[in-house]
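In case you want the letters, here they are:
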Amino acid sequence: MRAYSGEMTDESPTTSSDSFSQVKALLELEGITAPDHDLASLAKQLPALRRKVDRFYEVDTNDEVTASVFRADPSY
Amino acid sequence: MTQLSIRDVADQLRRGETTSRRIVEDVLKASDKLDPILGTYIKRFDISALEAADKADQELRAGIDRGPLHGIPLGVKDIISTDEGPTSAQSVAQDPAWGESGDGPLISRLRDAGAVFTGKTTTMEYAIGFPDFDKPFPIPRNPWNTDRWTGGSSSGTANGISSGQILGGLGTDTGGSVRLPAAYCGITGFKQTFGLVPKSGCVPLGLSYDHIGPMATSVWDCAAMLNVMAGYHSSDRTTVPRPSVDFVEAVEHDLEGLRIGVIENESVLEASSEQMLAVLDDAITALKSLGMEVVSFRVPLYDELHDGAFLALQAEAFSWHRKQLQQRWLDYGRPTRLTIAKGALISAGDLVQIERVREIARGRLLEQLQKERVDVLVSPTTGYAATPFVGANREATSLSAMHTPPWNSTGFPALSVPMGFDQDGLPCGMQIVGKPFADDVVLRLGHHYQQITEWHTRTPPAHLTSID
């Protein structure tokens with residue numbers, strides 16, 4: 001039982017120091033300095049997030065499918 | 001007592017049995033008592049609403065009839081800009097100058113159709129996340145049980161309609177934010193095909209997943225709103241120029257030949273309570289009684305469509321919020337900033353792959369619908385009914401209990417209609433999904449379902465008709 005914690009998340013029970021430093025580095029690359037308790041929370045979510053992302057690389061995508069179709073000359 | 005609908009009030013106005021001023025005064029008076037309990041509004045527009053109501057009455061008396069929305073009180077989720085005032089996006093981080101240009105195309109269209117805007121309704125901060133008790137905004141509560149959440153993020157529009165404070169309104173839906181609160185609050189909500197309705201004048205969340213959708217008590221009412229909302233607009237290049245459809249007329253067409261697929265992916269069944277699935281069974285029995293063939297259907301790459309919506313919308317949201325997050329990290333609510341920041345944990349290559357899979361999945365689904373001759377899909381809108389603010393079980397609050405995001409990934413039209421109640425007396429929603437731009441088919445099925453059921457007419461304990 002829990003109250004709403006807020007984030008859309010699947011959290012791991014523990015935070016590895018690797019995850020913490022990876023999250024910290026990625027946010028700093030974006031120019032964001034976040035407090036440690038926020039970094040720790042994101043670090044807990046990182047493994048599950050990466051597992052979800054990795055699953056997308058298991059889908060058989062052919063060589064022609066693009067993420068989106070860019071139109072140099074849109075018809076409208 | 002039964003819910004007031006736009007259709008009923010529009011008829012009463014034309015028969016001279018009431019006036020727009022009387023209707024608007026009644027709902028504003030109800031809000032004086034209900035809003036402090038339910039947290040419906042960020043800002044009310046009492047004076048301008050009454051002025052608009054008087055104008056609507058004058059026009060009707062002069063024989064000027066702008067259609068079914070003429071003189072009807074509607075609410076607007078407070079991430080959509082209007083002439084009446086600033087847009088907060090329910091965030092202290094929001095730049096007050098955003099939206100100073102006033103009405104976007106959608107608000108203009110509704111205003112031209114005679115709609116009366118009673119105020120800006122509550123959302124979750126930036127239309128994402130969950131109720132945040134740490135911020136200086138109202139907490140939207142469910143009229144069926146005020147210890148329960150309305151669902152989000154079009155929370156105030158949903159509880160305002162459910163409690164009779166407005167007859168309809170606008171929500172936005174990036175992963176289910178029209179359909180989820182519609183299901184939790186026992187009303188009807190529609191996320192139309194992506195590109196049918198312009199979304200300019202709205203604070204974006206997931207730019208390619210966002211939709212502004214109609215919410216009301218009935219499908220007919222949503223169709224009347226969509227008639228005004230739909231159509232290409234040059235300010236939003238994702239809108240598609242298409243021949244206009246009269247959705248109000250289309251919902252009355254018969255259902256002959258329509259074949260329904262019931263989604264039976266494990267991800268839906270295992271993330272839904274037995275009670276919810278039992279209520280859905282009853283709804284399917286009702287659909288069968290309309291003479292339609294019902295078959296089982298497995299959505300290809302369902303999990304990818306579901307999870308991809310969240311992953312990609314976080315990346316898209318991050319692109320919009322990055323600069324502000326750099327400067328005002330702590331001004332965002334913690335749930336919001338942590339959700340959006342996850343967009344920084346996804347690489348450019350990851351996002352491309354997620355979007356490629358999105359294209360593949362959409363294509364495979366269309367092929368399978370064609371192959372199995374299925375026109376519409378149904379599922380519960382959510383796996384569980386409205387969850388309590390405190391003490392919710394993990395399954396009920398899990399993202400997997402939301403059965404709405406795949407249809408933001410595909411962009412297909414998806415409707416939520418009330419389909420019954422659970423053991424705690426809380427509303428349950430049925431989701432009806434159609435093929436792209438077959439919005440009329442989805443609405444038609446929902447409308448016919450509401451002709452043989454009365455779930456959408458039920459009023460909650462906190463309602464305009466039950467206050468002193």
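Residues numbered from 1 in each chain as written. Chains lettered and ligands numbered in written order. Predicted model: local features only at pLDDT ≥ 70, side-chain atom pairs only at ≥ 80, totals over all residues. Heavy atoms only, no water.

Undergrad: Would you mind going over the side chain of T404 of chain B with me for this structure?
TA: Residue and element names in this part refer to chain B. Within the fold, T404 resides in the loop between α14 (394–397) and α15 (406–410). Polar side-chain contacts of T404 include one of 2.6 Å to the backbone oxygen of G175. Each residue touching T404, except ones within four places of it in the same chain, is listed here: G175, G176, R179, T381 and Q431. (Helix = DSSP H or I, 4+ residues; strand = E, 2+ residues; numbered from the N terminus. Polar contact = N/O pair within 3.5 Å; in protein donor to acceptor, adjacent residues only side chain to side chain. Contact = heavy atoms within 4.5 Å.)

Undergrad: What should I look at first to understand helix α1 (residues 6–14) of chain B in this one?
TA: Because an α-helix packs 3.6 residues into every turn, residues spaced three or four apart end up facing the same way. Residues and elements named next belong to chain B. Every buried residue of α1 is listed here: I6, V9, A10 and L13. Each buried residue of α1 lies within a common arc of 105 degrees when the element is viewed along its axis, so the set occupies one face. Buried-residue contacts for α1 involve α2 (20–38), α3 (46–61), β2 (73–77), β6 (168–172), β8 (212–216) and α7 (219–229). Where α1 ends, the next residue or the one after it, G16, has phi of about 75 degrees, a positive value. (Buried < 20%, exposed > 50% of the residue type's maximum accessible area, 1.4 Å probe, protein only. Arc of directions from axis to C-beta.)

Undergrad: So what exactly am I meant to see when it comes to the pattern of salt bridges here?
TA: When the charged atoms of two side chains with opposite charge come close together, those side chains can pair. Residue and element names in this part refer to chain B. Using the criterion set out here, one finds 27 salt bridges over all chains in the structure. Here R44 makes a salt bridge to D32, at a shortest N to O gap of 2.9 Å. Of this pair, R44 sits in strand β1 (residues 41–44) while D32 sits in helix α2, and the two are twelve residues apart along the sequence. Residue R44 is classed as partly exposed on the basis of its relative accessible area of 22%. (Salt bridge = Lys/Arg side-chain N within 4 Å of Asp/Glu carboxyl O.)

Undergrad: For this particular structure, what's the right way to read the packing of α2 of chain B against α3 of chain B?
TA: Relative placement of two packed helices is described by the angle separating their axes and the distance separating the axes. Residue and element names in this part refer to chain B. Axis separation between α2 and α3 bottoms out at 8 Å; the angle between their running directions is 155 degrees. Considered as vectors, α2 and α3 are oriented roughly antiparallel to each other. Contact residues: α2 offers S20, R21, V24, E25 and L28, while α3 offers D46, A49, L50, A53, D54, A56 and D57. (Axes fitted to C-alpha atoms, helices over the stretch in contact; angles between N-to-C directions. Parallel < 35°, antiparallel > 145°, perpendicular 65-115°, else oblique.)

Undergrad: How should helix α13 (residues 348–371) of chain B be read in this particular structure?
TA: Along its 24 residues, α13 of chain B runs 35 Å from first to last C-alpha, staying within 8% of the 34 Å computed at 1.5 Å per residue. When α13 of chain B is considered as a whole, its buried residues turn out to be D350, Q353, I354, E355, R356, V357, R358, I360, A361, L365, Q368 and L369 of chain B. On its buried face, α13 of chain B is in contact with α2 (36–56) of chain A together with β10 (293–297), α11 (302–328), β11 (376–380) and α15 of chain B. Positive phi appears at R373 of chain B, one or two residues downstream of α13 of chain B, with a value of about 55 degrees. (Expected span 1.5 Å × (residues − 1).)

Undergrad: Is there a simple way to explain the interface of chain A and chain B in this structure?
TA: A common way to state how big an interface is: give the accessible area lost once the parts meet. Of the residues lining the interface, 42 residues belong to chain A; the matching set on chain B comes to 53 residues. Taking both partners together, chain A and chain B bury about 4,400 Å²; carbon and sulfur atoms supply 62% of that area. Counting across the interface, chain A meets chain B through six salt bridges. In this structure, D350 of chain B engages R50 of chain A in a salt bridge whose closest nitrogen and oxygen atoms are separated by 2.8 Å. Elements supplying a minimum of two residues to the side of chain A that touches chain B: α1 (17–29) and α2 of chain A. Element by element, the count of residues in the side of chain A that touches chain B is highest for α2 of chain A, at twelve residues. Of the residues in the side of chain A that touches chain B, the class split is 22 nonpolar, eleven polar and nine charged. (Buried area = accessible area lost by both parts, 1.4 Å probe. Nonpolar A, V, L, I, M, F, W, Y, C, P; charged D, E, K, R; others polar.)

Undergrad: How do you make sense of the sheet that holds strand β3 (residues 116–121) of chain B when you look at a structure like this?
TA: Pairing between the strands of a sheet is mediated by backbone hydrogen bonds and can be parallel or antiparallel. All names here are of chain B. On the basis of which strands lie adjacent, the open sheet formed by eleven strands has the order β1-β3-β2-β6-β8-β7-β12-β13-β11-β9-β10 and mixed pairing. A strand with exactly one partner marks an edge of an open sheet, and here the two such strands are β1 and β10. Across the sheet, the axes of successive neighbouring strands diverge by a mean angle of 30 degrees, strand direction being ignored. Pairing analysis gives five bridges linking β11 to strand β13 (residues 427–434), with the strands arranged antiparallel. Counted as the bridge partner of V378 is I432 from β13. (Pairing = 2+ DSSP bridges.)

Undergrad: Explanation requested: the packing of aromatic side chains in the structure shown.
TA: Geometry of an aromatic ring pair is reported as the spacing of the ring centres plus the angle between the planes. Residue and element names in this part refer to chain B. Enumeration over the complete set of coordinates arrives at seven aromatic pairs over all chains. With a centroid separation of 6.3 Å and an interplanar angle of 75 degrees, the aromatic rings of W149 and Y184 are classed as edge-to-face. Of this pair, W149 sits in strand β5 (residues 145–149) while Y184 sits in helix α6 (residues 179–185), and the two are 35 residues apart along the sequence. A relative accessible area of 5% places Y184 in the buried class. Put simply, the rings of Y126, W320 and Y332 touch in pairs and so form one group of aromatic residues. Over the ring of F437 we find R242; its NZ or CZ atom is 4.0 Å from the centre of that ring. (Phe/Tyr/Trp six-rings, centres within 6.5 Å; stacked < 30°, edge-to-face > 60°. Lys NZ or Arg CZ within 6 Å of the ring centre and 35° of its normal.)

Undergrad: Even after reading the chapter, I still don't get the nonpolar core, so can you show me in this structure?
TA: If you look at soluble globular proteins, the nonpolar side chains tend to sit buried side by side. Counting 128 residues, the largest nonpolar core has L27 of chain A together with L377 and M430 of chain B as the members making the most contacts within it. If you tally residues by element for this core, the top one is α11 of chain B, at ten residues. Setting aside anything within four residues of it in sequence, one finds M430 of chain B in contact with L280, A283, L287, V378, S379, T381, L415, S416, V417, M419 and Y449 of chain B. Counting nine residues, the second-largest nonpolar core is a separate cluster that includes I161, A182, I187 and M215 of chain B. (Core = buried A, V, L, I, M, F, W, Y, C linked by side-chain atoms within 4.5 Å.)

Undergrad: I tried to follow unusual backbone geometry on my own but got confused; where do I start?
TA: All names here are of chain B. A cis amide bond links G152 with the next residue in sequence, S153, at an omega value of 10 degrees. Relative to the helices and strands, S153 is located in the loop between β5 and α5 (155–162). Phi is positive for A89, which is not a glycine, with a value near 50 degrees. In this fold, A89 is placed in the loop between β2 and α4 (105–112).

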